[in-house]
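Observations on chain architecture
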Amino acid sequence: MYKTVQVKNVVIGEGEPKICVPIMGETLSRLIEEAEQLRTLDLDIVEWRVDFYEHADDLEMVKKALNELRAKLGDIPLLFTFRTTDEGGQRSIAPADYVALNEAAAATGQADLIDVEWFNKEQHVPELVEAAHASGVKVILSNHDFDKTPPAEEIVSRLRRAQELGADIVKMAVMPGSTADVLTLLEATRVMREQHADRPLITMSMTGRGMISRLAGELFGSSVTFGSAGRSSAPGQVPVGELRGILSLLHRELTKG
């Protein structure tokens, strides 16, 4: 039975894909400036990309920043993400430190969701999921392939495994080398949503070639799309000012039947 996920007033997994916009400030003052800017935009979720933060290795400084971001964002759901270099992020981190960082973020209660990379880190997933859920925080289990687009069967298999590991939302992003690769991602998304998913999923094909996957989620089954407000955190993100209009147009046409 398929279940949506609610974070604050946002319901993920129904209707238009929800728009998530990252903030990537290196300093606390810059993070606060970005948060104030995002409050003026038509978005649904803010993602804090902690791997850009100059004090990402200091738990107390991370918690301080998280508290201040929460205060600035008000009722906008906040996603806490440390993206490692293994999956396209800004810095590497020891496994034990990765676990400690995410557990500390969840324990503050200031983040509504945390993003946990599970591919090649599966042994750490159960304790992170348990810790997050104990604090009322939802978990996105994610996998990013910046080298290629795996076959559709492999994409579906990875998404199903993330679901089995206890994710509230499963996510996969891939790099297309051709138009056919974009179609592979879209077909895998459709199969996962129609045949296997019992919770929301997020998929995307990166770069300009894969941009259509960020727009057509409602048709194929992806529940969240990542937009940009200035600097992009991944190739192919659409400016948030344009994104809402496109998603609303597609939603209107799809609901006409």
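Computed from a prediction, not measured in an experiment: that's the story for all the values here. Numbering of residues begins from 1 in every chain and follows the order in which that chain's sequence is written. Local features in this predicted model are restricted to residues whose pLDDT is 70 or higher, and side-chain atom pairs enter the listing and the counts only when it is 80 or higher, whereas totals over whole chains, interfaces and linings include all residues. Just so you know, side-chain values use all the structure's heavy atoms and leave hydrogens and water out.

Let's shift gears to unusual backbone geometry. Here K8, not a glycine, exhibits a phi torsion of approximately 55°, which is positive. Residue K8 is classed as partly exposed on the basis of its relative accessible area, which comes to 31%. Non-glycine residue T207 carries a positive phi angle of around 70°. Mapped onto the secondary structure, T207 falls in the loop between β9 (201–205) and α7 (211–215). Per-residue accessibility, obtained with a 1.4 Å probe over protein chains only, is compared with the maximum for each type, and a residue is labelled buried under 20%, exposed over 50%, and partly exposed between these values. Counting from the N terminus, the helices are the DSSP runs of H or I reaching at least four residues and the strands are the DSSP runs of E reaching at least two.

Attention now goes to the packing of aromatic side chains. Note on aromatic contacts: the rings of Phe and Tyr and the six-membered ring of Trp form a pair at centre separations within 6.5 Å, being stacked when their planes are under 30 degrees apart, edge-to-face when over 60 apart, and tilted otherwise. A full pass over the atoms with the stated rule returns three aromatic pairs. Taken together, the ring pairs connect W48, Y53 and F80 into an aromatic cluster. A ring has a charge above it when a Lys NZ or an Arg CZ is no more than 6 Å from the ring centre and no more than 35 degrees off the ring normal. Above the face of the Y98 ring, K121 is positioned so that its terminal group lies 5.9 Å from the ring centre. Above the plane of the ring of F119 lies R158, whose end atom (NZ or CZ) is 4.2 Å from the centre.

Our next topic: the packing of helix α2 (residues 59–73) against helix α3 (residues 95–108). Axis geometry follows a simple rule: fit a line to the C-alpha atoms, using only the stretch in contact for helices, then measure angles between N-to-C directions, giving values from 0 to 180 degrees. Close contact between α2 and α3 brings their axes to 10 Å; oriented N to C, the two are set at 35°. As α2 runs across α3, the sense of the crossing is right-handed. Residues L59, V62, K63 and L66 of α2 pack against A100, L101, A104, A105 and T108 of α3. Considered class by class, the residues forming the contact of α2 with α3 number seven nonpolar, one polar and one charged. Two helices that cross are described as forming a left-handed crossing if the nearer one is turned anticlockwise from the farther one by less than a right angle, and a right-handed crossing if clockwise. Should any heavy atoms of two residues lie within 4.5 Å, those residues are considered in contact. Each residue gets one of three labels, nonpolar for Ala, Val, Leu, Ile, Met, Phe, Trp, Tyr, Cys and Pro, charged for Asp, Glu, Lys and Arg, and polar for the others, Gly among them.

Per the UniProt entry, the sites bearing "binding site: 3-dehydroquinate" (unreviewed entry) are E47, W48, R49, R83, R214, S233 and Q237 in this numbering. Within the secondary structure, R49 sits in strand β4 (residues 45–49). In this structure the side chain of R49 is engaged in a polar contact, spanning 2.7 Å, whose partner is the side chain of D51. UniProt positions are given in the numbering used here, feature names are shortened, and annotations may be inferred rather than shown by experiment. Here a polar contact means two N or O atoms within 3.5 Å. Within protein one must be a hydrogen donor candidate and the other an acceptor candidate, and residues neighboring in sequence count only if both atoms are side-chain atoms.

Attention shifts here to the sheet that holds β9. Here, any two strands with at least 2 DSSP bridges between them count as paired. Ordered in space as β9-β8-β7-β6-β5-β4-β3-β10-β11, the nine strands form an open sheet in which the pairing is parallel. Both edges of this open sheet fall to β9 and β11 (238–239), since each of them pairs with a single strand only. Note that strand β8 (residues 169–174) and β9 share five bridges and pair parallel. Each residue of the ladder has a partner; that of K171, found in β9, is I202. Contacts from α2 reach β3 (18–23), β4 and β5 (78–81) within the one sheet, and its direction differs from that of β5 by about 160°.

A few words on the UniProt feature "active site" (unreviewed entry) in the protein chain. Mapped onto this structure's residue numbering, the UniProt feature "active site" (unreviewed entry) falls at H144 and K171. In three dimensions, the annotated residues from a span of 28 residues occupy one location, with a maximal C-alpha spread of 8.3 Å. Tracing the backbone through its elements, the reader meets H144 in strand β7 (residues 138–145). Filtering out sequence-adjacent residues up to four positions away, H144 remains in contact with R83, E87, K171 and A173. In this structure the side chain of H144 is engaged in a polar contact, spanning 3.4 Å, whose partner is the side chain of R83. With respect to the helices and strands, the residue K171 is situated in strand β8. A residue is classified by how much of its surface remains accessible, and K171, at 6% relative accessible area, is buried. Excluding its chain neighbours within four sequence positions, the residues that come into contact with K171 are R83, D115, I140, L141, S142, N143, H144, L159, I202, M204 and F226.

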